[in-house]
Structures are given as C-alpha cells and as structure tokens.
Amino acid sequence: QVQLVESGGGLVQAGGSLRLSCVASGNMFRINAMAWYRQAPGKQRELVASVNTGGITDYSDSVKGRFTITRDNAQNAVHLHMNSLKPEDTAVYYCAAGWYPSFRHWGQGTQVTVSS
C-alpha cells in the first residue's frame, strides 16, 4: 500500500504563486510516476501534470507555462510549483501515484483558492 500526504494549499490572489508538495510512503515497487490532478466544483477531476521516475513531464494545456512539476526520487516526493494563478485554477488538488498512465493511489486533497 502507498500513502500520499499533500501540503501547501491555501488562498492566494490572482497572479500569485503557490507550491504544493506530496510525500509518498509505503511500497513504491510498482510506482513509476506521480501526478497532480484537480477537481473544481461541478467539474470532473482532470490531470494537471505528471512526472515519471526518468523526469519526463506532461502538462495539461491549461497550465503549460505557468505550472512546473518536480520530483525528488530520493524523498519519494513531488512538488507542483504554480505561478500566475488564475481564479479558474481554484480546485481541490490531489496527488496521485502509480504505473503510468494508471494512477491507483491518491492523497486526501488540498484546497487551492485563487481570488480575483
């Protein structure tokens, strides 16, 4: 079993920045990628960014150029650096881990609210 613990959410004004962190623990044998998803009220959960153990990243078009995902393999941690935040980025952000593209393990979520 893999446990994921997120931190770093909060309230920020439009144009501001936040960094989300997620630390994984447990059996990481079948984990080759970690990702951040988000879910806004009334919307489906969507993939924001992912990174594999080789450092290859992928981003949704809505965050390209503003968000950066980084991974610390030694710490089993992944971070999401969010810049130029917009009100439409408001959502609960979830950390996920698994064998890409199937993410079977999820964190509890952290709220990000961007005020206009």
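It should be emphasised that the depicted structure is a prediction, and the values quoted were computed from it without experimental measurement. (Residues numbered from 1 in each chain as written. Predicted model: local features only at pLDDT ≥ 70, side-chain atom pairs only at ≥ 80, totals over all residues. Heavy atoms only, no water.)

Asks: Could you clarify how one ought to interpret the environment of A91 in this entry?
Replies: Assignment of secondary structure puts A91 in strand β9 (residues 91-99). A relative accessible area of 3% means that A91 is categorised as buried. Separated by 19 residues in the primary sequence, A91 and T110 have C-alpha atoms spaced 8.5 Å apart. (Helix = DSSP H or I, 4+ residues; strand = E, 2+ residues; numbered from the N terminus. Buried < 20%, exposed > 50% of the residue type's maximum accessible area, 1.4 Å probe, protein only.)

Asks: Any chance you could explain the pattern of salt bridges here in plain terms?
Replies: When the charged atoms of two side chains with opposite charge come close together, those side chains can pair. Here the structure, examined in full by the defined rule, presents four salt bridges. Its salt-bridge partner being R38, residue D89 comes within 2.9 Å of it at the nearest N-O pair. In this pair, D89 is assigned in the loop between β8 (77-82) and β9 and R38 in strand β4 (residues 33-39), connecting sequence segments 51 residues apart. Taking relative accessible area as the criterion, R38 reaches 5% and is therefore assigned buried. (Salt bridge = Lys/Arg side-chain N within 4 Å of Asp/Glu carboxyl O.)

Asks: I tried to follow the pairing of strand β5 (residues 46-52) on my own but got confused; where do I start?
Replies: A regular strand places its side chains so that they alternate between the two faces of the sheet. Summarising the sheet, β4 and β5 pair through six bridges and their orientation is antiparallel. In the strand pairing of β5, Y37 is matched with L47. Between the antiparallel neighbours β4 and β5 lie six residues, among them G42 with a positive phi of about 75°. Linking two consecutive strands that pair antiparallel, namely β5 and strand β6 (residues 57-59), is a turn of four residues; a positive phi of about 90° is found at G55 within it. (Pairing = 2+ DSSP bridges.)

Asks: Would you mind showing me how to read the nonpolar core here?
Replies: Soluble, globular proteins show a tendency: their nonpolar side chains are buried together. In terms of nonpolar packing, the biggest core is built from 29 residues, with M34, W36, L80, M82 and Y93 touching the most fellow members. Contacts of Y93, omitting those with residues within four sequence positions, involve E6, L20, W36, Y37, R38, V48, F67, L80, M82, G109, T110 and V112. Within the second largest apolar cluster, five residues are counted, among which are A35, Y37, A96 and F103. (Core = buried A, V, L, I, M, F, W, Y, C linked by side-chain atoms within 4.5 Å. Contact = heavy atoms within 4.5 Å.)

Asks: Would you mind going over the pairing of β9 with me for this structure?
Replies: Burial analysis of β9 places seven of its nine residues in the buried class, which makes it a mostly covered element. Note that β4 and β9 share seven bridges and pair antiparallel. Note that in β9 the partner of A33 across the bridge is G98. Of the pairings in the sheet, the one linking β9 to strand β11 (residues 110-115) comprises three bridges and is antiparallel in character. Looking at the pairing, Y93 lines up with T110 of β11.

Worth remembering: the numbers are spatial, not functional.
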